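Survey of secondary and tertiary structure
Read off the chains here:
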Amino acid sequence: MENINLHFKTNFAISTKIEPFYKGGKVQISKDEKYIFCTCGSRVNILEISTGKIVHSIEHDDQEDITSFALSCDDEMLVTASRALLLKQWDWRLPQCTRSWKAIHTVPVASMTFDSTSTLLATGGCDGTVKLWDVVKQYCTHNLKGPPGVVHLVEFHPDIDRLQLFTSSTDCGIRLWDLRTSQVVCVLESHYSAVTSLSFSPDGDTMISSGRDKICTVWDLKSKTAKRTVPVFEAVEGVLILPATLDLSQIQVKNQELHFITAGSKGLLRVWEASTSRCVYCQPLPSTLSLPSEGEEKDDGDPRSLTYLLNMPASARLATVTAEHNIVLYQLPALSTQQQFVGYNDEVLDVKFLGQNDSHLVVATNSCQLKVFELLTNSCQILYGHSDTILSLDVFKKGFVFASCAKDRSLRVWQMDAISGSVRCVAVGASHANALGSIAFSRLRASFLVSGSQDCTVKVWDLPADLSDAAADLHQLVARTTENAHDKDVNSVAVSPNDKLMASGSQDRTAKLWSLAGQGTLHLLGVFRGHRRGIWSLCFSPVDQVLATSSADGTIKLWSLQDFSCLKTFEGHDASVLKVIFASRGTQLVSGGSDGLIKLWTIKTNECVKTLDGHQGKIWGLHGNRKDDKLVTGSVDSNIIVWTDVTEVELAEEQAKQEDQIIKQQELSNLLHEKKYLKALGLAISLDQPHTVLSVIKAIREEKESSEVLEKTVLKLRADQKEALLRYCGVWNTNARNCLDAQVVLRVLLTHLPPEELLQYQGARSVVEGLIPYTERHMQRIGRLLQASMFLNYMWQKMRVAGELTSMDQDEEMDTTPLGPEPLFMIDTVGCKNSQNNPDGDEDEDENQHPNCPDDDSDDEEVSATKKADTNGNHHAESQQSSDEEDVDEEERAHITVKPVNHLSTTSFSQASTITS
């Protein structure tokens, strides 16, 4: 028994992570139809369709939100635009930024597109202008000025020989630009709301536009007139002209007339015949859904609505994007669902393993739909049925039947087909008076369910003998028995391994044990008392007569089923323990808390042997697979993580890596203490940690002869180390706190290394181009600070010593001595210390503010300093002020330190920042 710990699980590692990859915004599919590009805050994620995995993630160094992007038609270039008004060109397969330049727009870019030759890039800004860029020769070719407002749509005519560009702004008109003359040929006016999409016929002479005004317009581009307006009775976000070469008789396309397909607020794909304005086909709804009536229809915020419709002509497929950030692929000609990817899960409230060999996950999120993920491909089924948020799940031990309960006061039983993997609802029950918070299956065979509700009752439901009868209608479940179990909400229920006992845990701080042996009734056997707050979760041991409970008081307790006494208490979570399960055949516990931590406990030693940190929020979902070697957790941070038991070899390798990192960090500290800066800088670069490298640079700059020491150290580095240092400078320069250090290192590299050598560094061109706009912003800030210091100097010259005569004859001339010939970015220890010790200087510029907007923080500081100076000057010049005003002036003057100097030093802009603050 001494070595029993060797059989315990001691560590879990992340094997699969399902996390948000799309949170709204543009979606584009590559021409080879292998990848989906979509925005997620400050990143563009690239999803491989075949595996459902994120293969690349593109992000700007400054971590600014990406406002738009465009993939070239040859799939070679990706261009992104950020709120910092920078355009970046990427070789997305590496991924690597190959070029960056200023967008020239005065406000962020809202829309982008390439022409069919992948040569011209059009960008539409929120300032009403459209700019065209030659991405090969790298210059701006056109500057098109339309009406004020956001240009939310730009589209080239597919025939590049026509050199035409279509744009739409907030005035709802479609402007046709002739790129030869840079003039508007005409404005196509038909819509009374935002134009959302354009689609062109193969010959390029016909165009269909869609809008949120519930119409689609067919345009004759030869005559520039509207041929027909088709009322579609929903706000349309996407329109596509169907190809005439395919046999689309399955969707009722039975002639060669122009047909188009729309996607909009009702969440359905519909096919229209343009010549008759008739809807010839409407996609069927899931059996559990119905269209909203006219009175309750809401175009905005409906989770079923579609926001994008994308064409995949090579594989005869279509793709739609829903308001819930799901991406669905349909196969023509039948419009059958082929794949479905969930871009954003919202808060995860419960998660369970499902299917043969735990191949799937069933997930309840903060919505009325269930999501079933296939772990191999990340493809997802979305199950409709509940009408309100689903709160809890339970899976029968064979893994193909599961149950759900929701706020709509109902529970549903679902069954997965073992061959196809499709899931359907087979039974439903509803008789609770309030939301259902927990549900549990019987253990030996799927014969009954137990549910707990916020109406303080528990119910036992009998299941039909054969749930797999596909021909049968939806079974209506009837509660066998109902028991008023607790004084407050029932948060959790569990069934014992032999199906003879049931336990319930409540917000009233108690857990109760019930007998299920009687016919049709529940018998109370005992009450477990001891928790100081409500009980969130409970479960039976698979081998012992023990019950585990977790509570909002931050503890886990083990209870004896024989005398209802508390056997052990586990303390370690800093907040509520929301879930607890048994592991390692009942010898260990796994808990998840609202502190975002998963803890692994050994029952015999009463200690936590491992803490897993992978979530950033409350962990509501926690489940172990049948082989007991995997865990799955779900949190309100929208992430789902599958954890796998790590072998001893893998664990030893991970520990060796951690120990190596610790040793290197200690060695680095010793080298800095011994002032061996060259070795310290090389070691820091080898760790590939920009912040660690920055700490070495700061240590060097604290030396007396910092300029010479830094220059000698940097120039002695190897070429690959200099390349990494240049790349780090690009990152540091985006932050006002670290720009001095970046500029000092850059001065050494740019003044001592020939351009030919610098250009050989990987990504050197993009790094230097990215440095320019941020350096300009820093210079602007310095200019404002120097102006403020000049004005303060002027006011000092006009001040009078207390008690001195104020005759005009004693006025002094302003000291017009120039502010010194020193460069703005000066390397000196005084400036460095002032920069580090001056919090106001760090706040002079918001690092997320784009360069063309005024700097609010620094302006406020300048005004504040000006008011103080004006107040003191007036106090000395006007001797007739009231005593109250004199008191105020004295208090304000106490905050300004005045030194008898002729002019202010401009050794560094950090000192100027200190003076003005």
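The notes below deal with the structure included here. Owing to the predicted nature of the structure, the values given are computational and were not obtained by experimental measurement.

**Details of the overall build of the protein**
Looking only at helices and strands, one finds 13 helices and 57 strands in the protein. Residues counted as buried form 54% of the 917 residues belonging to the protein. Accessible surface, the protein as shown: approximately 41400 Å² in total, 49% of it carbon and sulfur.

**What about the pairing of strand E6 (residues 66-71)?**
Across a regular strand the side chains alternate sides, sitting on one face of the sheet and then on the other. Among the six residues of E6, five are classified as buried, and the element is accordingly described as predominantly covered. The turn linking E6 back onto strand E7 (residues 78-82) is made up of six residues, and Asp-75 within it adopts a positive phi angle of 65 degrees.

**Quick word on the environment of Pro-108**
Take Pro-108: it is sitting in the loop between strand E9 (96-102) and strand E10 (109-114). Between the C-alpha atom of Pro-108 and that of Ala-84, which follows or precedes it by 24 residues, the distance is 7.6 Å.

**Details of the sheet that holds strand E2 (residues 27-29)**
With respect to topology, four strands assemble into an open sheet ordered E2-E3-E4-E5, the strand pairing being antiparallel. For this open sheet the edge positions go to E2 and strand E5 (53-59), each flanked by a neighbour on one side alone. Taken over all neighbouring pairs, the strand axes of this sheet differ in orientation by 20 degrees on average, direction set aside. Pairing geometry for strand E4 (residues 43-48) and E5, over six bridges, is antiparallel. Bridging from a neighbouring strand, Ile-46 pairs with His-56 of E5.

**Some points on the nonpolar core**
Val-693, Leu-726 and Trp-732 are the most contacted members of the largest nonpolar core, which has 35 residues in total. When near neighbours in sequence (up to four residues on either side) are disregarded, Leu-726 contacts Leu-746, Leu-749, Leu-758, Tyr-761, Ala-764 and Val-767. Core analysis: the second largest hydrophobic core is formed by 19 residues, Leu-240, Leu-248, Ile-251 and Tyr-330 among them.

**Focus: helix H5 (residues 719-732)**
Across its 14 residues, H5 extends 20 Å between first and last C-alpha, which sits within 8% of the 20 Å expected from 1.5 Å per residue. Burial analysis of H5 places 10 of its 14 residues in the buried class, which makes it a mostly covered element. When we look at burial in H5, the residues that qualify are Gln-721, Lys-722, Glu-723, Ala-724, Leu-725, Leu-726, Tyr-728, Cys-729, Gly-730 and Trp-732.

**Notes on unusual backbone geometry**
Across residues other than glycine, the phi torsion is negative in most instances, and most of the peptide bonds are trans. The linkage connecting Leu-94 with the following residue, Pro-95, adopts the cis geometry, with an omega of -20 degrees. Residues Leu-332 and Pro-333 are joined by a peptide bond in cis, for which omega reads 10 degrees. Relative to the elements of secondary structure, Pro-333 occurs in the loop between strand E28 (326-331) and strand E29 (336-342). Positive phi, close to 60 degrees, is recorded for Glu-33, a residue that is not glycine. Position of Glu-33 relative to the elements: it lies in the loop between E2 and strand E3 (35-40). Backbone geometry at Arg-409 places phi at a positive 70 degrees, although glycine is not the residue there. Inspection of the secondary structure assignment puts Arg-409 in the loop between strand E35 (401-406) and strand E36 (411-416). On the basis of relative accessible area, Arg-409 is assigned to the partly exposed category, the value being 43%.

**Section: the packing of aromatic side chains**
Across all of its chains, the model carries 12 aromatic pairs by this definition. Look at Phe-570 and Trp-601: their rings are 5.6 Å apart centre to centre, the planes differ by 65 degrees, and that puts the pair in the edge-to-face class. Of this pair, Phe-570 sits in strand E50 (residues 566-571) while Trp-601 sits in strand E53 (residues 597-602), and the two are 31 residues apart along the sequence. Overall, the relative accessible area of 1% leaves Phe-570 in the buried class. Since its relative accessible area comes to 3%, Trp-601 is described here as buried. Look at Phe-791 and Tyr-794: their rings are 6.3 Å apart centre to centre, the planes differ by 35 degrees, and that puts the pair in the tilted class. Here Phe-791 pairs with Tyr-794, and both are found in helix H8 (residues 764-798), just three residues apart, close to one helical turn. A relative accessible area of 30% places Tyr-794 in the partly exposed class. Three or more aromatic residues link up through ring pairs in this structure, and these residues are Tyr-35, Phe-37 and Trp-92. The residue whose ring lies beneath Lys-26 is Phe-69, and the NZ or CZ to ring-centre distance is 5.3 Å. Positioned above the aromatic ring of Trp-101, the side-chain terminus of Arg-99 is 3.8 Å from the ring centre.

**Description of the pattern of salt bridges**
The tally for this structure, following the rule as stated, stands at 19 salt bridges. Between Lys-676 and Glu-674 there is a salt bridge, with the nearest N and O atoms lying 3.3 Å from each other. Given a relative accessible area of 40%, Lys-676 falls into the partly exposed group. A relative accessible area of 45% places Glu-674 in the partly exposed class. Three or more residues are tied together by salt bridges with common partners; here these are Asp-159, Arg-162, Asp-205 and Lys-222.

**Remarks on the packing of helix H3 (residues 690-701) against H5**
With their axes 10 Å apart at the nearest point, H3 and H5 run at an angle of 95 degrees to one another. Our classification of the angle between H3 and H5 gives roughly perpendicular. Counting all contacts with H3, which are made through Pro-690, Val-693, Leu-694 and Ile-697, the residues of H5 involved are Leu-725, Tyr-728 and Trp-732.

**Side note on the pairing of strand E33 (residues 380-383)**
By the bridge criterion, four bridges tie strand E32 (residues 370-374) to E33 in an arrangement that is antiparallel. Its bridge partner lying in E33, Phe-373 is registered against Cys-380.

**Focus on the side chain of Asp-553**
Within the secondary structure, Asp-553 is located in the loop between strand E48 (546-551) and strand E49 (555-560). Polar side-chain contacts of Asp-553 include one of 3.2 Å to the side chain of His-531. Among the polar contacts made by the side chain of Asp-553, one reaches the side chain of Thr-555 at a distance of 2.7 Å. Not counting residues up to four positions away in its chain, the partners in contact with Asp-553 are His-531, Arg-532 and Arg-533.

**Some thoughts on the sheet that holds strand E45 (residues 510-515)**
Ordered in space as E43-E44-E45-E46, the four strands form an open sheet in which the pairing is antiparallel. The strands lining the two open edges of the sheet, one partner per strand, are strand E43 (490-495) and strand E46 (523-529). On average, each strand axis in the sheet is inclined to that of its neighbour by 20 degrees, with strand direction left out of account. Across five bridges, E43 lies against strand E44 (residues 501-506) in antiparallel orientation. The residue of E44 that forms the bridge with Ala-494 is Ala-503.

**A look at the environment of Asp-205**
As for its placement among the helices and strands, Asp-205 is situated in the loop between strand E18 (195-200) and strand E19 (206-211). Counting along the chain gives 19 residues from Asp-205 to Lys-224, while the straight-line C-alpha distance between them is 9.7 Å. Residues within four places of Asp-205 in sequence aside, it is in contact with Arg-162, Trp-219, Asp-220, Leu-221 and Lys-222.

**Some words on helix H6 (residues 739-752)**
End to end, H6 covers 20 Å across 14 residues, agreeing with the expected 20 Å (1.5 Å per residue, within 8%). In terms of residue burial, H6 counts as a mostly covered element, since 10 of its 14 residues are buried.

**A word on the packing of H5 against H6**
Here H5 crosses H6 at 145 degrees, and the two axes come no closer than 8 Å. Handedness of the crossing formed by H5 with H6: left-handed. Taken together, the residues of H6 that come into contact with H5 (itself represented by Leu-725, Leu-726, Cys-729 and Trp-732) are Cys-739, Ala-742, Val-745, Leu-746 and Leu-749. Its residues assigned to classes, the contact of H5 with H6 shows nine nonpolar, no polar and no charged.

Definitions and cut-offs
- Residues numbered from 1 in each chain as written.
- Predicted model: local features only at pLDDT ≥ 70, side-chain atom pairs only at ≥ 80, totals over all residues.
- Heavy atoms only, no water.
- Helix = DSSP H or I, 4+ residues; strand = E, 2+ residues; numbered from the N terminus.
- Buried < 20%, exposed > 50% of the residue type's maximum accessible area, 1.4 Å probe, protein only.
- Areas by Shrake-Rupley, 256 points an atom, 1.4 Å probe, with all protein chains shown as cover.
- Pairing = 2+ DSSP bridges.
- Axes fitted to C-alpha atoms, helices over the stretch in contact; angles between N-to-C directions.
- Core = buried A, V, L, I, M, F, W, Y, C linked by side-chain atoms within 4.5 Å.
- Contact = heavy atoms within 4.5 Å.
- Expected span 1.5 Å × (residues − 1).
- Phe/Tyr/Trp six-rings, centres within 6.5 Å; stacked < 30°, edge-to-face > 60°.
- Lys NZ or Arg CZ within 6 Å of the ring centre and 35° of its normal.
- Salt bridge = Lys/Arg side-chain N within 4 Å of Asp/Glu carboxyl O.
- Parallel < 35°, antiparallel > 145°, perpendicular 65-115°, else oblique.
- Polar contact = N/O pair within 3.5 Å; in protein donor to acceptor, adjacent residues only side chain to side chain.
- Left-handed = near helix turned anticlockwise from the far one by under 90°.
- Nonpolar A, V, L, I, M, F, W, Y, C, P; charged D, E, K, R; others polar.

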